[in-house]
Amino acid sequence: MERATPRDATDRDVFKFLREQREAGTTAAVATVVDVEGSAYRRPGAKLVATAEQTRGAITAGCLDGPVSDLATEARDSGTISVETFDMTAEEWGLGLGCNGVIDVLVEPLDDSVDPVLAALDAGESATVLTVLDSDDETVPRGSRTVLRDGESATGTDRAGVPNDALASLREPAASVAESGAGAVITIEREAGDLCVFLDGVEPFPALLLFGAQGDINPIARLGAQAGFEVTVASPRGGRADADQYPHAHRVRATHPDDVAELVDVPEHTYAVLASHNLVDDRLALDSLLTETTVPYIGLMGPRKRFEDLRANAAEAGRTFTEAELDRVSTPVGLDLGDGSPTGIAMSIVSELLAVTNDATGGRLSEGSGPIHPRPNLSD
């Protein structure tokens, strides 16, 4: 697969690059959006990883590239951890900028405090990174970090952790942030000194399981990979399973329709699309996924009449689908984009996948009245 460029890098690409730098022992810096007041190109949690030679990721559309590059250089050279506020509404930035807000950016050297996050991702688990942005307690320096994973806390040896008394107050909002993959700043009032802490929810990367071997699989795999999905192509019943046939897939497997469920590693973060164009194969694969996994979404190619035929075929074999199972099935798969070309169909499917993974409706932004990006609610 082609390596992502800095601007089009997905979260998966950024963390892959970050892991590569850790394994190579490269001196690098990480810039993270930690807070936004008003509007901005990216929301809290967006990251950029920068070595002296290359970068991966983007935290703005480009207007902050120079200042952030300077901060990254300082972080790499001196180990400085800084939080910089960029007021994009100020006159110094001029007129016509797309951002119209105040953006706080954490810039820090890459060290072993990120390793517990990588371990969580390896295990297919969510995590929340708690980082002190400001401290009135001289024993808790800026950059102190603890990673919460399944209720357990971990720290690297290069930094101090978040104090236990603060952790007690942060566990509940941290769990909420982990589930949503959002980012938020919380101030903890303590006798020893108040702490301003950034909660960064990190979720496992979504997986896309494509069942089929026809030519229309490739554009879906390509757009799915570009959107950040870990793409598996499952080629049915002796279909070709050569990796070079599906250059945008991360893995290609030959499988019997009854065994499709065996390719699901993290069910809650896996989304399947059945496109074998064989009614019986799709029915068997659907049954496998519904009965043997808890994948939340199964898209099925074809018109409504085809699904009616599939259900009738299943009933003849003694299989009926419950309402709860049908709630996990989307057919016809995709959003209505009005484009019947192979690329248009693939874009329709991947658009629905993105909407589902982000708990969005997929409607037109111009018809909404609220902010483009949802804000996390940690008040409960």
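Along each chain, numbering runs from 1 in the same order as the chain's sequence is written. Residues qualify for local features only when their pLDDT is at least 70, as the model is predicted, and side-chain atom pairs are given and counted only at 80 or more; totals for whole chains, interfaces and linings, by contrast, use all residues. Each side-chain value is derived from all of the structure's non-hydrogen atoms; neither hydrogens nor water enter the calculation.

Caption draft 1: Examining the nonpolar core more closely. Joining through side-chain atoms within 4.5 Å is the link that ties buried Ala, Val, Leu, Ile, Met, Phe, Trp, Tyr and Cys residues into a set, and such a set is a nonpolar core. Only protein chains enter the accessibility calculation, which uses a 1.4 Å probe. A residue is then buried if its area is under 20% of the maximum for its type, exposed if over 50%, and partly exposed in between. Within the largest apolar cluster, 23 residues are counted, with the highest numbers of intra-cluster contacts made by Leu-208, Leu-210, Val-231, Val-233 and Leu-353. Those elements that provide at least two residues to this core are β11 (207-211), α5 (217-226), β12 (230-236), β14 (270-274) and α9 (342-357). Here a helix means four or more residues in a row that DSSP labels H or I, a strand means two or more in a row labelled E, and each is numbered from the N terminus. Considering each element in turn, this core owes the most residues, 5 residues, to α5. Setting aside chain neighbours within four positions, we find Val-233 in contact with Leu-210, Gly-212, Ile-217, Tyr-246, Ala-249, Arg-251, Val-252 and Arg-253. With 21 residues, the next largest nonpolar core counts Leu-263, Ala-272, Ile-298 and Leu-310 among its residues. Any two residues having at least one pair of non-hydrogen atoms within 4.5 Å are treated as being in contact.

Caption draft 2: Summary view of helix α3 (residues 115-122). Residues Pro-116, Val-117, Leu-118, Ala-120 and Leu-121 constitute the buried set of α3. In this fold, the buried residues of α3 make contact with α1 (11-24), β6 (127-135), β7 (145-149), β8 (152-154) and β10 (195-202). Where α3 ends, the next residue or the one after it, Gly-124, has phi of about 70 degrees, a positive value.

Caption draft 3: Main features of the sheet that holds β6. Ordered by their spatial adjacency, 5 strands build an open sheet running β8-β7-β6-β10-β9, and the pairing between neighbours is antiparallel. In this open sheet, the two edge strands, each paired with only one partner strand, are β8 and β9 (183-188). Here the average twist between neighbouring strands, direction ignored, is 25 degrees. Any two strands are treated as partners once DSSP identifies two or more bridges connecting them. For β9 and β10, the ladder comprises 6 bridges, and the chain directions are antiparallel. Bridge assignment links Val-185 to a residue of β10, and that residue is Phe-198. For helices, the fitted axis covers only the stretch in contact; all axes are lines through C-alpha atoms, and the angles between them, taken along N-to-C directions, range from 0 to 180 degrees. Its contacts with the sheet place helix α4 (residues 164-180) against β6, β7, β8, β9 and β10, and it is angled at close to 30 degrees to β10.

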